[in-house]
Amino acid sequence: MLYRTVPKTSDRLSILGFGCMRYPSKGRGIDEERTIKQIRHAIDNGVNYLDTAPVYHMGKSEPILAKALADGYREKVRIATKLPHWSVETREDMDRILNEQLKTLGTDHIDYYLLHTLNRTAFRRLAGLGVFDFLDSAKKDGRIKNAGFSFHATIAEFKEIVDAYSWEFCQIQYNYLDEKNQAGTEGLKYAASKGLAVIIMEPLRGGNLAGRVPDSVQRI
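Fair warning: this is a prediction, and the values are worked out from it, not measured in the lab.

*Asks:* Any chance you could explain the packing of helix H4 (residues 120-129) against helix H6 (residues 155-164) here in plain terms?
*Replies:* Each pair of packed helices gets described by two things: the angle between the helix axes and the distance between those axes. The interhelical angle for the contact between H4 and H6, taken along N-to-C directions, is 25 degrees, at an axis separation of 10 Å. Judged by the angle between their axes, H4 and H6 are roughly parallel. You can see that H4 and H6 cross each other, and the crossing is left-handed. The residues of H6 that touch H4, namely those facing Arg120, Phe123 and Arg124, are Ala156, Glu157, Glu160, Ile161 and Ala164. Considering only residue class, the contact of H4 with H6 consists of 4 nonpolar, no polar and 4 charged.

Next up, the structure:
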């Protein structure tokens, strides 16, 4: 496995992470046994960045990840999870949600904590509710180690959010069809110029760029 260094912290992350939004299915639910085997296989082969969120698999992603990280696996990885802005109405909600996530994940800290799928409207609302104070406080008391955000909006909105706080990282959708969509290449370079680590999500657009292609491409 190859690794990259987070500029502001010197933390080393594997160049491949494990996304916990699309666990293997079994019937109408999750194939929990297979999921845990997949996660542990990835970790055993050097993956150390695991990305989940409260909404993934209708609330089941975080609990299953916690099971996979038992038996000493938690100490080998960095967990990334997210604050769902649509569930936040007050400053107190932020602490309540984070504390619930810590309990669900069976850990005393989140390594990489993101404000989930931000755009300008959501970000400004969170800022008005005190999200900067929340992030500062959670970092100070050790509940989170690094603060960031995930993003699916325009480049102008992206730059506004990048400039608004001393983030350690951000997470953007990026692949060969999205070089000029959302944050795109311009946003990737802009965030990097500000010292942020840039985590890539949807590098294959949920598998669509690998599985749903013409036979001639599939053979290659």
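*Asks:* Hey, could you run me through the side chain of Asn146 in this one?
*Replies:* Of note, Asn146 is situated in strand E9 (residues 144-151). Its relative accessible area of 6% is what places Asn146 among the buried residues. Engagement of the side chain of Asn146 in a polar contact is seen with the backbone oxygen of Asp111, the distance being 2.9 Å.

*Asks:* I would appreciate a short explanation of the pattern of salt bridges in the present structure.
*Replies:* Any two side chains of opposite charge can pair, so long as their charged atoms come close to each other. This structure, assessed with the given rule, holds 19 salt bridges. Salt-bridge contacts for Lys159 lead to Glu186; the nearest nitrogen and oxygen are separated by 2.7 Å. Note that Lys159 is positioned in helix H6 and Glu186 in helix H7 (residues 184-193), a separation of 27 residues in sequence. On the basis of relative accessibility, which here comes to 24%, the residue Lys159 falls in the partly exposed class. Owing to a relative accessible area of 46%, Glu186 belongs among the partly exposed residues under this scheme. Across the pair Asp163 and Lys194 runs a salt bridge whose closest N-O atoms are separated by 3.8 Å. Of this pair, Asp163 sits in helix H6 while Lys194 sits in the loop between H7 and strand E11 (197-201), and the two are 31 residues apart along the sequence.

Rules of the game
Residues numbered from 1 in each chain as written. Predicted model: local features only at pLDDT ≥ 70, side-chain atom pairs only at ≥ 80, totals over all residues. Heavy atoms only, no water. Axes fitted to C-alpha atoms, helices over the stretch in contact; angles between N-to-C directions. Helix = DSSP H or I, 4+ residues; strand = E, 2+ residues; numbered from the N terminus. Parallel < 35°, antiparallel > 145°, perpendicular 65-115°, else oblique. Left-handed = near helix turned anticlockwise from the far one by under 90°. Contact = heavy atoms within 4.5 Å. Nonpolar A, V, L, I, M, F, W, Y, C, P; charged D, E, K, R; others polar. Buried < 20%, exposed > 50% of the residue type's maximum accessible area, 1.4 Å probe, protein only. Polar contact = N/O pair within 3.5 Å; in protein donor to acceptor, adjacent residues only side chain to side chain. Salt bridge = Lys/Arg side-chain N within 4 Å of Asp/Glu carboxyl O.

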